[in-house]
Amino acid sequence: MSNLLEIGQNTPSFALNNQKGERIKLEDILGKWLVLYFYPKDNTPGCTTEAQDFTTLNPEFEKIGAKIIGISPDSEKSHYKFIDKYNLSIELLCDPDHKVAEAYGVWGLKKFMGKDYMGIIRSTFIINQQGNIAYIWRNIRVKNHAEKVLNKLQELQI
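How each quantity is defined
Residues numbered from 1 in each chain as written. Predicted model: local features only at pLDDT ≥ 70, side-chain atom pairs only at ≥ 80, totals over all residues. Heavy atoms only, no water. Pairing = 2+ DSSP bridges. Helix = DSSP H or I, 4+ residues; strand = E, 2+ residues; numbered from the N terminus. Axes fitted to C-alpha atoms, helices over the stretch in contact; angles between N-to-C directions. Contact = heavy atoms within 4.5 Å. 1 Å grid on protein atoms, 1.4 Å probe; cavity = no way out; pocket = protein on both sides within 12 Å on 5 of 7 lines; lining within 4 Å. Points joined across faces, edges and corners; volume = space filled by probe spheres on them. Nonpolar A, V, L, I, M, F, W, Y, C, P; charged D, E, K, R; others polar. Phe/Tyr/Trp six-rings, centres within 6.5 Å; stacked < 30°, edge-to-face > 60°. Buried < 20%, exposed > 50% of the residue type's maximum accessible area, 1.4 Å probe, protein only. Core = buried A, V, L, I, M, F, W, Y, C linked by side-chain atoms within 4.5 Å. pLDDT = per-residue confidence, 0-100. Salt bridge = Lys/Arg side-chain N within 4 Å of Asp/Glu carboxyl O.

**Some details on the sheet that holds strand E8 (residues 123-127)**
Alright, step 1. A sheet is described by the order of its strands in space; here five strands give the open sequence E5-E4-E3-E8-E9, paired in mixed fashion. Each of the sheet's edge strands pairs with one partner strand only, and the pair in question is strand E5 (91-94) and strand E9 (133-138). For this sheet, the mean angle separating the axes of adjacent strands, direction not counted, is 20°.
Alright, step 2. Where E8 lies against E9, five bridges are found, and the strand directions are antiparallel. Across the sheet, residue Phe-125 finds its bridge partner in E9, namely Ile-136.
Alright, step 3. Strand contacts of helix H3 (residues 76-86): strand E4 (66-72) and E5, with the helix running at about 160° to E5, the strand carrying the most contacts.

**Concerning the layout of surface pockets**
Alright, step 1. Here the largest pocket is characterised by a volume of approximately 230 Å³.
Alright, step 2. The set of elements that each furnish at least two residues to the lining of the largest pocket consists of strand E6 (107-112) and strand E7 (115-120).
Alright, step 3. Residues of the lining of the largest pocket, tallied by class, amount to six nonpolar, one polar and four charged.

**A few points about the packing of aromatic side chains**
Between two aromatic rings, the relevant description is the distance of the centres plus the angle of the planes.
Alright, step 1. On inspection of all chains with the given rule, the structure shows nine aromatic pairs.
Alright, step 2. Pairing Phe-82 with Tyr-86 gives two aromatic rings, centres 5.7 Å apart and planes at 75°, and the pair type is edge-to-face. Here Phe-82 and its partner Tyr-86 are both found in helix H3, four residues apart, which amounts to about one turn of the helix.
Alright, step 3. Residue classification places Phe-82 among the buried positions, given a relative accessible area of 0%.
Alright, step 4. Exposure remark for Tyr-86: the relative accessible area of 27% places this residue in the partly exposed category.
Alright, step 5. Among the aromatic side chains, those forming a connected cluster through ring pairs are Tyr-37, Tyr-39, Phe-54, Phe-61, Phe-82 and Tyr-86.

**Describing the nonpolar core**
Alright, step 1. In terms of nonpolar packing, the biggest core is built from 24 residues, with Tyr-37, Phe-54, Phe-61, Ile-90 and Leu-92 touching the most fellow members.
Alright, step 2. The set of elements that each furnish at least two residues to this core consists of strand E3 (33-38), helix H2 (45-63), E4, H3, E9 and helix H5 (145-157).
Alright, step 3. Discounting chain neighbours no more than four positions away, the residues touching Tyr-37 are Glu-50, Ala-51, Phe-54, Ile-68, Ile-69, Gly-70, Ile-71, Ile-90, Leu-92, Ser-123 and Thr-124.
Alright, step 4. Within the second largest apolar cluster, 22 residues are counted, among which are Leu-5, Ile-29, Phe-125 and Ile-136.

**Concerning the confidence of the model for the protein chain**
Alright, step 1. Mean pLDDT over the protein chain: 93, with 97% of residues reaching 70 or higher.
Alright, step 2. Within the protein chain, strand E1 (residues 15-17) carries the highest mean pLDDT (97), whereas E6 carries the lowest (86).

**Focus on the pattern of salt bridges**
Alright, step 1. Across all of its chains, the model carries six salt bridges by this definition.
Alright, step 2. Among the ionic pairs, Glu-50 bridges to Arg-122, the shortest N-O distance being 2.7 Å. Of this pair, Glu-50 sits in helix H2 while Arg-122 sits in the loop between E7 and E8; the two residues are 72 residues apart in sequence, bridging distant segments of the chain.
Alright, step 3. Since its relative accessible area comes to 1%, Glu-50 is described here as buried.
Alright, step 4. With a closest N to O distance of 2.7 Å, Asp-116 and Lys-111 form a salt bridge.

Set out below in structure tokens:
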């Protein structure tokens with residue numbers, strides 16, 4: 001994780017395809033609060049729970065004018081199936097070459113069952129209407145995370 005972003009910094013720009021193959025640019029989303037969360041892989045237990053929790057709370061996020069976007073290295077087809085299988089109401093973007101993950105400092109060395117490998121370090125960023133980072137969670141635990149993000153976002157609105 002070479003370039004760790006900090007609160008107050010301008011958000012790195014991106015343009016990635018969503019689950020429908022539509023190109024989504026950061027600049028097109030700005031003007032509202034954005035919850036940008038990076039996750040390792042579709043259809044894995046932790047990532048499924050996280051996506052379902054964000055989907056459950058999505059109406060609350062929408063009430064305060066926030067959009068939720070998940071980013072992983074998975075393909076459009078994988079995202080589409082993931083959304084369909086779990087009836088998710090959030091948008092998922094594809095970062096197959098992990099360039100955006102690297103720009104956000106969330107691509108790094110991980111360990112699993114004694115093996116080292118490079119992958120997504122589960123992280124969430126709250127980005128304000130101007131495109132600045134308002135809050136960051138790194139190396140998160142999935143349990144109650146979506147709720148913590150909603151609470152922090154409500155706090156930032158005050």
